[in-house]
Amino acid sequence: MSIDKSEVEKIAWLARLAIDKKDIASYCNELTDIVDLMEQMNSVDTTDIAPLAHPLDLFSRLRIDKVTETDQRENFQENTVETKDGYYLVPKVID
Amino acid sequence: MYKSTLAQLSIALESKKISSEELTRLYIERCNKHNNSLNCFITITEEEALKKARQADKKRASGDYNLLTGIPIAQKDIFCTNGTRTTCGSKMLDNFVAPYDATLIKKMNDAGLIMLGKTNMDEFAMGSSNETSFYGPVKNPWDDCRVPGGSSGGSASAVAARLSPAATGTDTGGSIRQPSSFCGITGLKPTYGRVSRYGMVAFASSLDQGGPMTQTAEDAALIMNIIAGFDEHDSTSTEKPTDNYTEKLNNSIRGLKIGLPKQYFDESLDNNIAEVIENGLKELEKLGAKCVDVELPHTELSIPAYYVVAPAECSSNLSRYDGVRFGHRCKEPKDLSDLYCRSRQEGFGKEVKRRIMTGTYVLSAGYYDAYYIKAQKIRQIISNDFQNVFKNVDIIAGPTTTGVAFKLNEKLNDPISMYLSDLYTVSVNLAGLPAISVPSGFINKLPVGMQLIGNYFQESLLMNVAHQYQKVTDWHQKIPQAYE
């Protein structure tokens, strides 16, 4: 199955990746090759097989509803570019 | 002294043959001397290591110490280390300083191990050659025109060249075992859920597992005794009790049944690799083990299934890198979309973007059932194949890799060829089983690893078999001449 330019642009938007126009052709080729590899899975009938999401029989553990985390906002915000009054600054979202 | 294993260093420190400060200084000097050529380390934490070494010496003097107190170790740069940058080999995290320690890091620090630095790796653990790192490729100490393997290439190279006596790695599709094979060291991928993933930057959450990369199986067992175990911070951590991993190392393997999958030993296996593995198996048979032919009929489907599941999970995990709270942020974003799109475009390398795109595609509307659900069903089939085999054998053996370390740039522009070389390793991650790679010989002076796969939580058995093998062979003691 061939992945074309419009498909690449759609996927790039979903992934929030700004793809250079000059790279679109190589993404088309590479993704087409990878999808061809995946198509090999169709060689086996899996109609009655349940999907395996996870190798072990785990279940969601719940914990006691008790506050255990401390406020480390200043510490955690060391890794960003701009903050103000404890908020992360980003370009204006609402007009 | 720098050729010593962890077990030997423990004895040397105990008998006061050397101090931790002297030992740490010795390894730091080797790191500083060789890192420019090998590029194993992204960050060498010299001052902090020497400070911790002096503290370790005081602890030893006061009687308050553990088996491995004061021994240096290298940590893969995928584990969050409080106060020291954690880059994952990516421009995206070039300046990221973790505000906390990963559980694995905390456990090793509490056990007294001294971090020498953070090792180089394929970007976000995606790769099999350590060529996708933002910080440049790592070289294989056995031949500096060749790759060390990946993604834990820095760790493998550092241990092989004895710049560190041991290191940590992570394994999602073979990233501990394959570089261990290419570099002639021992590497263990534990059962999924055995070692906490808290603080280990996520690539594919249902496949990732951290583990030891060491000179010997005995050393791997010493590290497992520290890092294995339930962690309430990791919702996928198992509550199943741990073993004492060194306890059974010296058990006899007489009567051990070793399964040899027909699919691993077919006509496509390189003759030279086959010969090395067959010699390795003969040694195990001399120790009383019995080899039987078995079938893993869906081995070939593990590659397409893996290259659906892993990119899908990666595309989800890497969506957190949006330039807002941490990581690379583009300059002068026009609006929020521009902030996201350009930060991610600039911060991620080619292979990472390729996998995000692949993962986004397979999870998108209209394709989810055809690819992702299909891959999960293949995963169930592969897991069933292993369980059928384990009804009749104790472990499965075969080559770790399809060839020896390839040349730098050889596969970089052919991603499919790179993916196909993971044939023997990815199915283990899909099933969540434990596996170890042990040095088993050489082809044209390049190391070859033998892989042993166990059933769930059989790490003790794997290390027992590997240890018995290492008592009658000396492949694991070989060091590349340039680093003697």
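Residues numbered from 1 in each chain as written. Chains lettered and ligands numbered in written order. Predicted model: local features only at pLDDT ≥ 70, side-chain atom pairs only at ≥ 80, totals over all residues.

> How should I be thinking about the overall build of chain B in this particular structure?
Across its full length, chain B carries 15 helices and 11 strands. Relative to its length of 484 residues, chain B is compact, with a C-alpha radius of gyration of 21 Å against a globular reference of 23 Å. Each of the three principal axes of chain B carries a C-alpha extent, and together these read 65 × 55 × 45 Å. Looking at chain B as a whole, 62% of its 484 residues qualify as buried. (Helix = DSSP H or I, 4+ residues; strand = E, 2+ residues; numbered from the N terminus. Rg over C-alpha atoms; globule rule 2.2 N^0.38 Å. Buried ≥ 20, exposed ≤ 12 C-beta atoms within 10 Å, placed from the backbone.)

> Got a minute to help me understand the overall build of chain A in this structure?
Counting its regular elements, chain A contains three helices and two strands. The order of helices and strands in chain A, counted from the N terminus, is α-α-α-β-β. The C-alpha radius of gyration computed for chain A amounts to 23 Å, which surpasses the reference 12 Å derived for 95 residues by more than 25%, pointing to a less compact arrangement than a globule. Counting across all 95 residues of chain A, residues that qualify as buried make up 17%.

> It is not clear to me how the packing of helix α2 (residues 24-39) of chain A against helix α9 (residues 302-317) of chain B should be interpreted in this structure. Could you clarify?
Packed helix pairs are specified by the crossing angle of their axes together with the interaxial distance, meaning the distance between the axes. Contact pair α2(A) / α9(B): the axes reach a minimum separation of 8 Å and the direction vectors enclose 125°. When the axes of α2(A) and α9(B) are compared, the pair comes out oblique. Regarding α2(A) and α9(B), the two cross each other, and that crossing is left-handed. Side by side, α2(A) and α9(B) meet where Ile34(A), Leu37(A) and Met38(A) of the first sit next to Ile303(B), Pro304(B), Tyr307(B) and Val308(B) of the second. (Axes fitted to C-alpha atoms, helices over the stretch in contact; angles between N-to-C directions. Parallel < 35°, antiparallel > 145°, perpendicular 65-115°, else oblique. Left-handed = near helix turned anticlockwise from the far one by under 90°. Contact = placed C-beta atoms within 7 Å.)

> Hey, could you run me through the environment of Thr5(B) in this one?
Residue and element names in this part refer to chain B. For Thr-5, the position within the fold is in the segment before α1 (6-14). Sequence spacing of Thr-5 and Pro-399 is 394 residues, and the spatial spacing of their C-alpha atoms is 25 Å. When sequence neighbours within four positions are dropped, the list of residues in contact with Thr-5 reads Pro-165, Gln-215, Thr-216, Glu-218 and Asp-219.

> Is there a simple way to explain helix α11 (residues 350-363) of chain B in this structure?
Because an α-helix completes one turn every 3.6 residues, residues spaced three or four positions apart along the sequence face the same direction. Between its first and last C-alpha, α11(B) extends 20 Å over 14 residues, near the 20 Å set by a 1.5 Å rise per residue. Burial of α11(B) is extensive: 11 of the 14 residues sit out of reach of the surface. (Expected span 1.5 Å × (residues − 1).)

> Sorry if this is basic, but what is going on with the interface of chain B and chain A here?
Often the size quoted for an interface is simply the accessible area lost on bringing the parts together. Each partner contributes residues to the interface: chain B has 54 residues there, and chain A has 40 residues. Mapped onto the side of chain B that touches chain A, the elements with two or more residues apiece are α9, α10 (336-347), α11, α12 (368-390) and α13 (415-420) of chain B. With 11 residues, α12(B) is the single largest residue contributor to the side of chain B that touches chain A. The class makeup of the residues in the side of chain B that touches chain A is 28 nonpolar, 15 polar and 11 charged. (Nonpolar A, V, L, I, M, F, W, Y, C, P; charged D, E, K, R; others polar.)

> What is the right way to look at the confidence of the model for chain B in this model?
Interpretation of this model should avoid reading the predicted coordinates in detail wherever pLDDT is low. The predicted model of chain B has a mean per-residue pLDDT of 96, with 100% of residues at 70 or higher. Two summary scores accompany this predicted model of the complex, namely pTM at 0.97 and ipTM at 0.94. (pLDDT = per-residue confidence, 0-100.)

> Help me understand the nonpolar core in this model?
Soluble globular proteins tend to bury their nonpolar side chains together. Residues and elements named next belong to chain B. Core analysis: the largest hydrophobic core is formed by 156 residues, its most contacted members being Ile-73, Leu-116, Ala-305, Val-308 and Leu-452. Here this core takes nine residues from α9, the largest share from any one element. With residues near it in sequence (within four places) discarded, Leu-452 still touches Ile-395, Ala-397, Ala-435, Ile-436, Leu-462, Val-465 and Ala-466. (Core = buried A, V, L, I, M, F, W, Y, C linked by C-beta atoms within 7 Å.)

> Looking at this model, I keep getting lost on helix α4 (residues 103-110) of chain B. Mind explaining?
Residues and elements named next belong to chain B. By the criterion of burial, α4 is predominantly enclosed, with six of the eight residues buried. Thr-103, Leu-104, Ile-105, Lys-106, Lys-107 and Met-108 are the residues of α4 that are buried. As for α4, its buried residues are in contact with β2 (72-76), β4 (166-171), β6 (209-214) and α7 (217-227). Looking one or two residues beyond α4, the residue adopting positive phi is Gly-112, at roughly 95°.

> What's the story with the environment of Pro399(B) in this structure? I'm lost.
Residues and elements named next belong to chain B. Looking at where Pro-399 falls in the secondary structure, it is placed in strand β9 (residues 395-399). Measuring from C-alpha to C-alpha, the distance between Pro-399 and Thr-425 comes to 9.3 Å, with 26 residues separating the pair along the chain. When neighbours within four sequence positions are excluded, Pro-399 is seen to be in contact with Tyr-264, Leu-269, Ile-273, Ile-277, Tyr-424, Met-450 and Gln-451.

> Could you clarify how one ought to interpret unusual backbone geometry in this entry?
Glycine aside, a negative phi is what most residues show, and trans is what most peptide bonds show. Residue and element names in this part refer to chain B. Here the amide bond leading from Gly-150 into Ser-151 is cis, since omega sits at 10°, within 30 degrees of zero. Within the secondary structure layout, Ser-151 lies in the loop between β3 (114-119) and α5 (153-160). Positive phi is not limited to glycine here, since Cys-88 has a value of about 55°. Within the secondary structure, Cys-88 is located in the loop between β2 and α4.

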